[in-house]
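Per-entry structural report
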Amino acid sequence: MVADEKNFHAKQITLRDSMRPFSDSFSRPHGALGQSLSYGLAIALLCSPAIWNGFPLIHDDVGGYLARWPMGSLANGRSAAYGLLLWITRTTWWIPTIVFQSLALIWTVDRALKVYGLRQSPWVVTLAIAAIGLTSGAAFFVSKVMPDAWAAPAVLSLYLLAWHWNGLTSIERGLMAVIIVFAGATHMATFAVLAGLSCLQAAAWPLAAKLRVNPLGILFANGATWSGLAALLIINFFVAGRLAVTPGGEVFLFGRLVESGLVGVTLAEECPRQDWELCNLRNELPSTADSFLWASDSPLRKIGGWDDPRAKEEIASIISVSIRTHPLDHLKNALVLTARQIVAVSLDEVVIANASPDTAQTIDRYAPWLAYSFDNSRQQRGDLDVTGLSKWTVTPISLAGLCTLPFVTLLLWYRANCREATLPAMLFLALLLNASVCGVFSGPYARYQARLAWLAPFGVILVLLSVRRQNRREASDPSRQAPAATYVSRGPLGANLDTGKADRVQAEPNLIEAPFDQADEQKRKSRDIELTILMPCLNEAKTIENCIAKATSFFARAGVRGEVLIADNGSTDESRSLALAMHARVISVSKRGYGAALQAGIRAARGPYVILGDADDSYDFSNLDEFWFSLRAGYDLVIGNRFSGGIAPGAMSILHRLGNKVLSFVGKLFFRAIVGDFHCGLRGVNRDRIAALRICSEGMEYASEMVICATLHRYRIIEVPTTLGMAGRAGPSHLNTWRDGWRHLRLMLLLSPRWLFVYPGLLLTFMGAAGVALMLTGPISVAHRPSFDIPAFIVAAGTLLVGLQSISVGVVVQHFEVTYRLLPKLERFSSVFTGLTLERGLVFAGLFALGGLAGIAWLLAGPNISDIRSLDGPFCASVLVISLIGLLVALQLTFISFLRGVLDLPALREKLLGIELAESSVGKRSSLRRWNRLNEHQ
């Protein structure tokens, strides 16, 4: 016995090995060969569009890039740095270019997996690249000779350098800096995004110490970003002989302003002017930016064109005057363009057949050996169609990942995973910056956002898997478990248990501390019993004898002084007499239910430790060593895992396996539980600690409530492999699949108001607010689909209201469950819950009501009353809907505030908690007497 207990920690290592996730046991090749094979397959996957096309994918701009070196000049929006790369690799059909692009993406993904501890095998990288390629446009950007392919690796490298400096080697840091520098030098929009992120990182410098981040990483990452600008100037000087950035930015911006009508307004107000030639052409301004920028008869060409210095000076002057005289209009236009760009994610503009004649002429002139392959590629023949992939996979997954990023950021911050929250936060900011830069300067094009869109779902999955792995690692290490503390029972509805700090036990001096059952405690101490094996029983005559015999043999073999306790739940067969004949102790439980039988059995147990198990002979009671050793080691709850220990053929149906996995996943997600088998019937408990939880469930859901309550109150929990055999009972199983499954799920939802109300409410609020913001200035079109007008605007407003209602209900339910001891106090949000009083809620409701009434009054007093009645005026309809939202939110806050006031009534708290709230000594003695009466009644 002593030797077995000394080997307990060695056995725990074996247990942890047997419980590793599937990815840990994945077949893994080692060394350079496995790495090479993995990378080779990943490169082939990313380059598959080029392989299928028979030639690298071509865009209209490729000719402009290729001509930069031989012409020795700079062109609008055509990077000389990327053009130099195309010129160097033109003799090899640009194969090195797309291989370099694929390697940059694969390597940064590989380093991200390594930093987050998810790279257990080189093949994990291949699987990740396959998932990225199948669900996004990454493979098409890599296979295309365009600088867009470098944007996503650069953003990911910038994040890893800044926030995970210590997790990288010197070589890795240098290579990431190279990727950032090259990406910034090859595309001005990419550089603008990297520069914006660098500024945000610099602003977050004070948080580096708190997040355990090396400030040197932020400094080095920002230095790499601005080195990209230096590289751009040097390469442009090397190619064209002058220090300059890639030209054309102000002209692109001017085209957007022409399309929005702001240029026309400015010219109408300022003209005639001697220095503005466009004053004479203001009546010829086209309605679209593309017509102004590219049409042969455009006013732009009539004033000198792209390259004329005087035309650029005039354009810059008009832009400056327009911004100075109409700043709010420019801001609104920028917000609208950004909103439209951020949701414009598709591959419609990534693969375009029949490249422009300029590109074909450039290839014929500077790389004629490429002309045949180029002309006969599938792309040029129009045989490369990605519409279905874009519509049904890329667009929905990308937008879902985008909407999930802020939600995951808030969730990780709330759960104190602040450092992990930096990844989804930075990726969301990167997508927002990219949409702002590209939307404002070049207009909303799906290609601009699609190049970065795959980072959203990748970042969400990466950080969630990392947090899950971290929780598993902490759970499997006993040294990292939360220390045991003194827990205090508070009342008949539940326990207000502390979270591990003994100095918080006296946080509420007006509440009376008392043991669970003093009389029964004395009875237990008078007996010399160490362990009780408790078996709930309902007509188990066929198996009860065998189960008792196995339990007795375990006592004899392990040298444990114990008892076998049968909690009979109304058996009509010979179960009771057979158990008594086997010298087991039997108690009768009149209240039917699995949970009721276990609660009565735990109260009647004489040992300080109790092992629970079904009496149908599905569990081996002769092999309980790991449970006993874990209980003796100080764990409060020891639960078996049948999936890691083994399940006999036919012992568990496929439906029960699936349901158990789903409910266990929900439990781990909602409550951060470390248990992989929530409903295993074999478990060991510390009697006093479990009794202090005061679990109330009387049915099968008792098993879930035990794990949930123990997890929420930070009990020490461990899982051990357990075998499940065929049940030996003659009758049907006591488990009702659908009814009991629903009761388990219902319990989890009711005990997690954040997941039931708050988180869905936050998602609905974000979606509704985004829709309202997008359609605030009028109808919108997404990816050339039909526009969203007034009906869609009303739907978005309704979604916003439902989300706010869900959040407010969740806050009140959370407050109720914390106040009345159903859940422990949330340290991070306790001040928020206590601050939302009835009076403050009414004040906020009044402010929303005033805003709504002011909007309606402004409409009624204005000249557009007919627009209000018909809802034909977009602006009037927007103001009306927003005003109604304000009034409805005011009503919601009013109702919720009064509901909160009802729950805070002292009389209600006294009746539900069974104690008085007075702080006087008389009140304390009265509370103690009431406490004793309640225990006697129970």
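Shown above is the structure to which this text applies.
None of the values given here were measured: they were computed from a predicted structure. (Residues numbered from 1 in each chain as written. Predicted model: local features only at pLDDT ≥ 70, side-chain atom pairs only at ≥ 80, totals over all residues. Heavy atoms only, no water.)

1. Structural notes on the sheet that holds strand β7 (residues 717-721)
Within a sheet, neighbouring strands are paired by backbone hydrogen bonds and run either parallel or antiparallel to one another. Quick note on the threshold: What makes two strands pair is DSSP finding at least two bridges between them. By definition, any uninterrupted DSSP run of H or I lasting at least four residues is a helix, any uninterrupted run of E lasting at least two residues is a strand, and each is numbered from the N terminus. Axes here refer to lines fitted to C-alpha atoms; in helices the fit is confined to the stretch in contact. Angles between the N-to-C directions go from 0 to 180 degrees. By definition, residues are in contact when any of their heavy atoms lie within 4.5 Å.
A sheet is described by the order of its strands in space; here seven strands give the open sequence β3-β2-β1-β4-β6-β5-β7, paired in mixed fashion. A strand with exactly one partner marks an edge of an open sheet, and here the two such strands are β3 (585-588) and β7. Taking the axes of each pair of neighbouring strands and ignoring which way they run, one obtains an average angle of 25 degrees across the sheet. The pairing of strand β1 (residues 531-537) with strand β4 (residues 609-612) spans four bridges and is classified as parallel. Pairing of I533 across the sheet is with I611, part of β4. Against the sheet, helix α32 (residues 625-632) makes contact with β1, β4, β5 (637-641), β6 (683-686) and β7, and its axis sits at roughly 150 degrees relative to β4, the strand it touches most.

2. Examining the packing of helix α15 (residues 249-260) against helix α19 (residues 309-325)
The cut-off we apply is this: Any angle that falls under 35 degrees is termed roughly parallel, while one over 145 is termed roughly antiparallel, one within 65 to 115 roughly perpendicular, and all others oblique. In this scheme, a crossing is called left-handed if the near helix is turned counterclockwise away from the far one by less than a right angle; it is called right-handed if the turn is clockwise. Residues are grouped as follows: nonpolar covers Ala, Val, Leu, Ile, Met, Phe, Trp, Tyr, Cys and Pro; charged covers Asp, Glu, Lys and Arg; every other residue, Gly included, is treated as polar.
Where α15 meets α19, the closest approach of the two axes is 10 Å, and the angle between their N-to-C directions is 50 degrees. By the angle between their axes, α15 is oblique relative to α19. α19 is crossed by α15, and the crossing has left-handed handedness. On α19, the residues that touch E250, V251, L253, F254 and L257 of α15 are K312, I315, I318 and I319. The residue makeup of the contact of α15 with α19, split by class, is seven nonpolar, no polar and two charged.

3. Structural notes on the packing of helix α25 (residues 418-441) against helix α26 (residues 446-453)
The description of two packed helices rests on the angle between their axes and on the distance between the axes. Remark: α25 packs on α26, axes separated minimally by 10 Å, with the N-to-C direction vectors making an angle of 165 degrees. When the axis of α25 is compared with that of α26, the two are roughly antiparallel. The interaxial crossing formed by α25 with α26 has right-handed handedness. Every residue of α26 that contacts α25 at A430, L431, N434, A435 and C438 is listed here: Y448, Q449, R451, L452 and A453. In terms of residue class, the contact of α25 with α26 is built from seven nonpolar, two polar and one charged.

4. With respect to a nonpolar patch on the surface
Let me state the cut-off plainly: To count toward a patch, a residue needs a relative accessible area over 30% and no salt bridge; like charges are then connected within 9 Å, while nonpolar side chains (Val, Leu, Ile, Met, Phe, Trp, Tyr) are connected within 5 Å. The accessible surface values rely on the Shrake-Rupley method and a 1.4 Å probe; as for residues, cover is taken only from the protein chains in view. Salt bridges are defined as contacts in which a side-chain nitrogen from Lys or Arg sits within 4 Å of a carboxyl oxygen from Asp or Glu.
Where nonpolar side chains cluster on the molecular surface, the patch consists of V843, F844, L847, F848 and L850 and spans about 520 Å² of accessible area. With respect to the helices and strands, L847 occurs in helix α41 (residues 838-861).

5. Structural notes on helix α13 (residues 188-203)
The condition that has to hold: The span you would expect from a helix comes to 1.5 Å times its residue count less one. Categorising residues by exposure relies on relative accessible area from a 1.4 Å probe, with only protein chains included: less than 20% of the type maximum marks a residue as buried, more than 50% marks it as exposed, and the intermediate range marks it as partly exposed.
Its 16 residues place the ends of α13 23 Å apart at the C-alpha level, agreeing with the 22 Å of an ideal helix rising 1.5 Å per residue. Among all positions of α13, only A189, T190, F191, V193, L194, A195, G196, L197, S198 and Q201 are buried. In the core, the buried residues of α13 are packed alongside α11 (151-163), α12 (170-186), α14 (215-240), α25 and α26.

6. Quick look at the pattern of salt bridges
Counting across every chain of the model gives 23 salt bridges. Notably, a salt bridge pairs D568 with R576, separated by 3.9 Å at the nearest N-O pair. On the basis of relative accessibility, which here comes to 4%, the residue D568 falls in the buried class. The network of salt bridges with common partners includes D110, R111, K114, R119 and E172.

7. Overview of the packing of aromatic side chains
How two aromatic rings sit relative to each other is given by the distance of their centres and the angle of their planes. Worth spelling out the cut-off: Within 6.5 Å between ring centres, the rings of Phe, Tyr and Trp (the latter by its six-membered ring) count as paired, and their orientation is classed by plane angle as stacked under 30 degrees, edge-to-face over 60, tilted in between.
The tally for this structure, following the rule as stated, stands at 17 aromatic pairs. Ring centres of F670 and F671 lie 6.1 Å apart, and the angle between their planes is 70 degrees; on these two criteria the pair is classed as edge-to-face. Residue F670 is classed as buried on the basis of its relative accessible area, which comes to 9%. Ring centres of W755 and Y759 lie 4.8 Å apart, and the angle between their planes is 90 degrees; this geometry places the pair in the edge-to-face category.

8. As for the pairing of β4
The side-chain alternation of β4 yields two buried faces, one formed by Y609 and I611 and the other by V610 and L612. Pairing of β4 with β6 involves four bridges; the strand directions are antiparallel. Within β6, the residue paired with V610 across the bridge is V685.

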